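Spelled out, the chains give:
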Amino acid sequence: MTVHFVGAGPGAADLLTLRAVELLRTTPVCLYAGTYIDAEILAHCPDDAELVDTQHLDLDQIIAHLVDADRRGLDAVRLCSGDPSLYSALTEQTRRLDEAGVAWDVTPGVPAYAAAAALLGTELTVPEVAQTVVLTRTRARSTKMPESEALENVAKIHGTLVLHLAIRHIRVLAEQLVPEYGADCPVAVVAHATRPNELVLRGTLTDIADHVEAAGLRHTAVILVGRALASREWDVSEIVCSHLYDPARERNREAS
């Protein structure tokens, strides 16, 4: 039998991949985090499916459910919010499944940062402004960060920065980023992207914490920082054309 780790996307049921929907439709056991996964997504499951909300379970308890399904000859879906490649505890779970001799595979999903960028209508990589996107988080009471990945170090490349699991500490984070990005650097906070209660807050490193605190945001939000976020406000003449689409590229090729 197989445990299928499935990216549930940012929240909207119609942003699941076709493969994800098919696995939900045909798999008798589904483990999901009730904090992030709603009834509309679970509606893809069979009427008689075993549904296990994992939001109050520890890792050993979750693995016990997956191993039990395997021992009973049943496939299981382990739904992950966003995409399993980011902050999903995929490594910890799959190592334990390997030890238990349980087969598994992974189905990707739409990551939260991609849903946020779509909602903003923003490309995170703009020619000669930002060509690197950094996906990271910060440490509060969570897992320790490697010393080399301290926020001050990551900020030095001046790429577009996407912070997960950090909304409660946005005031401190903004202050840490000002020396590298500048106080006027654009910031966007996207909460509950693609869901009915989605919320977008825009500002700068100077005032974004005020906006977040006024809105009462405490979780399920990503923070995006960088000059690329202001690209839609620029005059067309200010935007450098990508090499691939630059008319001069074809002219140079013909000339050579």
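Structural data are supplied above this passage.
To keep things clear, this report deals only with the structure shown in the data block.

Conventions used here
- Counting restarts for each chain, with residues numbered from 1 along the sequence as it is written.
- In keeping with the predicted nature of the model, local features appear solely for residues at pLDDT of at least 70, side-chain atom pairs appear and are counted solely at 80 or more, and the whole-chain, interface and lining totals rest on all residues.
- Side-chain metrics in this entry use all non-hydrogen atoms of the structure; hydrogen atoms and water are not considered.
- Put simply, buried Ala, Val, Leu, Ile, Met, Phe, Trp, Tyr and Cys residues joined by side-chain atoms within 4.5 Å make one nonpolar core.
- Buried residues are those whose accessible area, probed at 1.4 Å on protein chains only, stays under 20% of the maximum for their type, while exposed residues exceed 50% and partly exposed ones sit between those limits.
- The numbering of helices and of strands both runs from the N terminus, where a helix is a DSSP run of H or I of at least 4 residues and a strand a run of E of at least 2.
- Should any heavy atoms of two residues lie within 4.5 Å, those residues are considered in contact.
- For two strands to be treated as a pair, DSSP must find at least two bridges joining them.
- Fitted lines through C-alpha atoms give the axes, limited to the stretch in contact for helices. The angle between two N-to-C directions lies from 0 to 180 degrees.
- Salt bridge, as used here: a side-chain nitrogen of Lys or Arg that lies within 4 Å of a carboxyl oxygen of Asp or Glu.

Overview of the nonpolar core
Within the largest apolar cluster, 26 residues are counted, with the highest numbers of intra-cluster contacts made by Leu161, Leu177, Val189, Ile223 and Val225. For this core, the secondary-structure elements that each account for two or more residues are helix 6 (151-155), strand 7 (160-164), helix 7 (170-181), strand 8 (186-191), helix 8 (208-215) and strand 10 (221-225). Counting residues per element, this core draws most heavily on helix 7, at five residues. Filtering out sequence-adjacent residues up to four positions away, Leu177 remains in contact with Leu151, Ala155, Leu161, Leu163, Gly182, Leu205 and Val225. Counting 16 residues, the second largest nonpolar core, distinct from the first, contains Ala13, Leu16, Leu23 and Cys30.

Observations concerning the side chain of Thr107
Within the fold, Thr107 resides in strand 5 (residues 103-107). Dropping the residues within four chain positions of it, Thr107 is found in contact with Phe5, Val6, Gly7, Thr17, Arg19, Ala20, Leu23 and Pro84.

Some words on the sheet that holds strand 8
The five strands are arranged 6-7-10-8-9 in an open sheet whose pairing can be described as mixed. At either margin of the open sheet sits one strand with a lone partner, and together these are strand 6 (133-137) and strand 9 (199-204). If you compare each strand with its neighbour and ignore which way they point, the axes differ by 20 degrees on average. Taken together, the three bridges between strand 7 and strand 10 define a ladder with antiparallel strand orientation. The partner of Leu161 across the bridge, within strand 10, is Val225. Against the sheet, helix 8 contacts strand 8 and strand 9, and its axis sits at roughly 150 degrees relative to strand 9.

Some thoughts on the pattern of salt bridges
A pair can form between side chains of opposite charge whenever their charged atoms are brought close. The tally for this structure, following the rule as stated, stands at nine salt bridges. Measuring nitrogen to oxygen at the nearest pair gives 2.9 Å for the salt bridge that ties Asp68 to Arg72. The class for Asp68 is partly exposed, based on a relative accessible area of 38%. Beyond isolated ion pairs, a larger network of salt bridges with shared partners links Glu50, Asp68 and Arg72.

Overview of the sheet that holds strand 4 (residues 76-80)
Strand order across the open sheet formed by five strands is 3-2-4-1-5, with parallel pairing between neighbours. The open sheet has two edge strands, strand 3 (50-53) and strand 5, and neither has a second partner. Here the average twist between neighbouring strands, direction ignored, is 20 degrees. As paired elements, strand 1 (residues 2-7) and strand 4 share five bridges and run parallel to each other. When the bridges of strand 4 are listed, Val6 appears paired with Leu79. Along the sheet, helix 3 (residues 59-71) contacts strand 1, strand 2 (29-32), strand 3 and strand 4; its crossing angle with strand 2, the most-contacted strand, is approximately 170 degrees.

Without other data, these values stay purely geometric and don't point to any function.
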